[in-house]
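# Remarks on the overall topology
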Amino acid sequence: MMQMTGAELIVRLLERQGIRTIAGIPGGAILPLYDALSGSDIIRHVLARHEQGAGFMAQGMARVSGRPEVCFASSGPGATNLVTAIADARLDSIPMVAITGQVPLSMIGTDAFQEVDIYGMTVPITKHNFLVRSAADLLEVIPQAFRIAMSGRPGPVLVDIPKDVQNQIVSFDAYPEPAVPDSVPVLDMAAIESAAKMIDEAERPVLYLGGGVVHSGASRLAVTLAEQAGLPTTMTLMALGTMPIDHPLSIGMLGMHAARYTNFILEESDLLICVGARFDDRAIGKAAQFCPNAQIIHVDIDPAELHKIKTAHVAINGDVATVLEALLPRVKQSLRKRWLSHVDSLKSRFPMAMPGRDDPRTHYGLVHAVAAALDSEAVIATDVGQHQMWVAQAYPFRRPRQWLTSGGLGTMGFGVPAAIGAALSEPDRTVVCFTGDGSFKMNIQELATLAEEGLNVKIVLMNNNSLGLVYQQQNLFYGKRVFASKYRGEPDFLKIAEGFGIAAVDLDSSPNPRATLAQALQSRGPCLIHASISREEFVYPMVPPGAANTEMIGG
């Protein structure tokens, strides 16, 4: 018979689950758990400077590892500061277990100091959540949290643990087995056969890959299907890298800021094979006018996504990798010379315009110069805004889990802590975070964490002294009525970085910005790379709000 406190049990269960790094911030209601964690020789704790940063660090680790990662926060404001990171993980299907402290059981509901109903608050933004009322329940709750987070469509789980439960003594005979994912759904083989027949008979098919391909580890299978069936392949923002961007069948990202040719190819398709994507509005534009002549095959692990936005002719609920493994032997080899020749013609007629791509002092040129100085082993994170779209358009992603960005929630402040998480999980890789001055200031305090950990993270700051995407939309769609999108003051980001103990270089003042950039990227350790970008540089092409993807402007 083993005996220990609830807090000690949590630590042992996390160790047995394979958790090796936890990001968080201590506070009164979670101090028993921190006291127990201090005795672990296996788990490393990273002290974030804001709980939202801790949540995004856990996300960064999970996005590159593919497994659930953990963050800690105390009760009240500590827990509420996690909410944005949890919601972000939910929309992007990122497996994460958030553990929060809570006031003692007897004080719940009394408006005690630092008490909030984080359980109730997070019901809509988690896959599941728990309020633990007994230390003995932890033996079931902790493995359950991990099982739920990693099963089916991945996502975040919250475990709220009152302080007295953490201190409670629990006796038990044996540890529970570490959690494993649930079995994948049984395949509808008739639907698989129908899908294969539709692919074989289509004249103008397009393969549409989403983040589910990454989560399922099915990128190689998806590329094999494309090659076998001669399928032009488009990717959502979350799927970039599933097919190398320079693959002959790649037609890049679709949607709001895609190349014109990509959206025109989709317009002409007669069959859309949607794999692990959810027909998000930023990807498909006006739903009624998306792929108007195409039949639809939709494959998704989440049955709720099937027929939600677009009605599928064949809907397959299943794990993407399992479905593709079953589909591949049933799909005939096809060259599709006429269709692929037409696709190449559209690429030539409507190319992606990237003005200044050879000049590292421009936005596209800076992205290309960073890519030229690195190989495909590097991890690329972004914040949210114009810089995010420029990187999505221009960076040559060639492998899954190379690209970390906030897609569904579009959270400014995601980039730096997510990059820290990626570097914690993959310390031998170079991690680059592209950010804008607006996003950077959202979680700038995590520079202290980055400096303290000494991680190999390079922050490329594209500074236009504005909320650039807001400024762009005001200019394009609000009669040039620019309001609250231009900053009246401008911080000295180089001094700020140095104040946190991080090296900084300024490409504006460099006589050879390409060489300065390459040297900064190749040196070990954290570095801020600052570059001014004109506020008048906009993201093009762009689908106006409420328009169809073929009604793009610019570019």
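See the structure shown above.
The following paragraphs examine the structure supplied in this document. (Residues numbered from 1 in each chain as written. Predicted model: local features only at pLDDT ≥ 70, side-chain atom pairs only at ≥ 80, totals over all residues. Heavy atoms only, no water.)

Empty space within the second largest pocket amounts to approximately 360 Å³. Lining the second largest pocket are 21 residues, and of these Ile-245, Tyr-261, Met-352, Met-354 and Gln-393 sit closest to its centre. Going through the elements one at a time, strand S11 (250-253), helix H12 (260-268) and helix H17 (386-394) are the ones with two or more residues in the lining of the second largest pocket. At four residues, S11 tops the list of elements feeding residues into the lining of the second largest pocket. Among the residues making up the lining of the second largest pocket, the classes are represented as 13 nonpolar, six polar and two charged. (1 Å grid on protein atoms, 1.4 Å probe; cavity = no way out; pocket = protein on both sides within 12 Å on 5 of 7 lines; lining within 4 Å. Points joined across faces, edges and corners; volume = space filled by probe spheres on them. Helix = DSSP H or I, 4+ residues; strand = E, 2+ residues; numbered from the N terminus. Nonpolar A, V, L, I, M, F, W, Y, C, P; charged D, E, K, R; others polar.)

A few words on the sheet that holds strand S19 (residues 503-506). Strand order in the open sheet formed by six strands is S16-S15-S17-S18-S20-S19, with parallel pairing between adjacent strands. What marks the edges here is a single partner per strand, and that holds for strand S16 (403-404) and S19. Contacts between helix H16 (residues 363-372) and the sheet are confined to strand S17 (431-436), strand S18 (457-463) and strand S20 (527-532), with S18 contributing the most and set at about 170 degrees to the helix. (Pairing = 2+ DSSP bridges. Contact = heavy atoms within 4.5 Å. Axes fitted to C-alpha atoms, helices over the stretch in contact; angles between N-to-C directions.)

All right, on to helix H9 (residues 189-201) then. Relative to the 18 Å expected for 13 residues at 1.5 Å per residue, H9 spans 18 Å between its end C-alpha atoms, a close match to the ideal helical length. Looking at H9, one finds that the buried residues are Ala-191, Ile-192, Ala-195, Ala-196, Met-198 and Ile-199. Buried residues in H9, looked at end-on, bunch into an arc of 160 degrees, giving them a common side. Relative to its buried face, H9 has exposed residues pointing more than 90 degrees away, namely Ala-190 and Glu-201. Where H9 is buried, its residues meet helix H11 (219-229), strand S12 (271-275), strand S13 (295-300), strand S14 (314-317) and helix H14 (320-327). (Expected span 1.5 Å × (residues − 1). Buried < 20%, exposed > 50% of the residue type's maximum accessible area, 1.4 Å probe, protein only. Arc of directions from axis to C-beta.)

If you trace the backbone, Ser-75 turns up in the loop between strand S4 (69-73) and helix H4 (77-80). Not counting residues up to four positions away in its chain, the partners in contact with Ser-75 are Ala-29, Gly-101, Gln-102, Val-103 and Gln-114.

The next point concerns the sheet that holds strand S2 (residues 21-24). The strands that make up a sheet are held in pairs by hydrogen bonds between backbone atoms, and each pair lies either parallel or antiparallel. As summarised here, the arrangement of the six strands in space is S3-S2-S4-S5-S7-S6, forming an open sheet in which the pairing is parallel. Looking at strand neighbours, the two that pair on one side only are strand S3 (44-47) and strand S6 (128-131), the edges of this open sheet. The sheet shows a mean angle of 20 degrees between the axes of neighbouring strands, direction not considered. Direction of pairing for S2 relative to S4: parallel, over a ladder of three bridges.

To continue, consider the packing of helix H3 (residues 51-65) against helix H18 (residues 415-425). The interhelical angle for the contact between H3 and H18, taken along N-to-C directions, is 50 degrees, at an axis separation of 6 Å. Classified by the angle between their axes, H3 and H18 sit oblique to one another. The hand of the H3/H18 crossing is right-handed. Mapping the contact onto sequence places Gly-53, Phe-56, Met-57, Gly-60, Met-61, Val-64 and Ser-65 in H3 and Pro-417, Ala-418, Ile-420, Gly-421, Ala-422, Leu-424 and Ser-425 in H18. Looking at the contact of H3 with H18 residue by residue, the class counts come to nine nonpolar, five polar and no charged. (Parallel < 35°, antiparallel > 145°, perpendicular 65-115°, else oblique. Left-handed = near helix turned anticlockwise from the far one by under 90°.)

Moving on, we get to the pairing of strand S15 (residues 379-382). The two faces of S15 match: Val-379 and Ala-381 on one face and Ile-380 and Thr-382 on the other face are all buried. By the bridge criterion, four bridges tie S15 to S17 in an arrangement that is parallel. Note that in S17 the partner of Thr-382 across the bridge is Phe-434. Across two bridges, S15 lies against S16 in parallel orientation. Its bridge partner being in S16, Ile-380 is matched across the sheet by Trp-403. Running through H17, the crossover from S15 to the neighbouring parallel element S16 is right-handed. (Right-handed = clockwise from strand over helix to strand, strands pointing away.)

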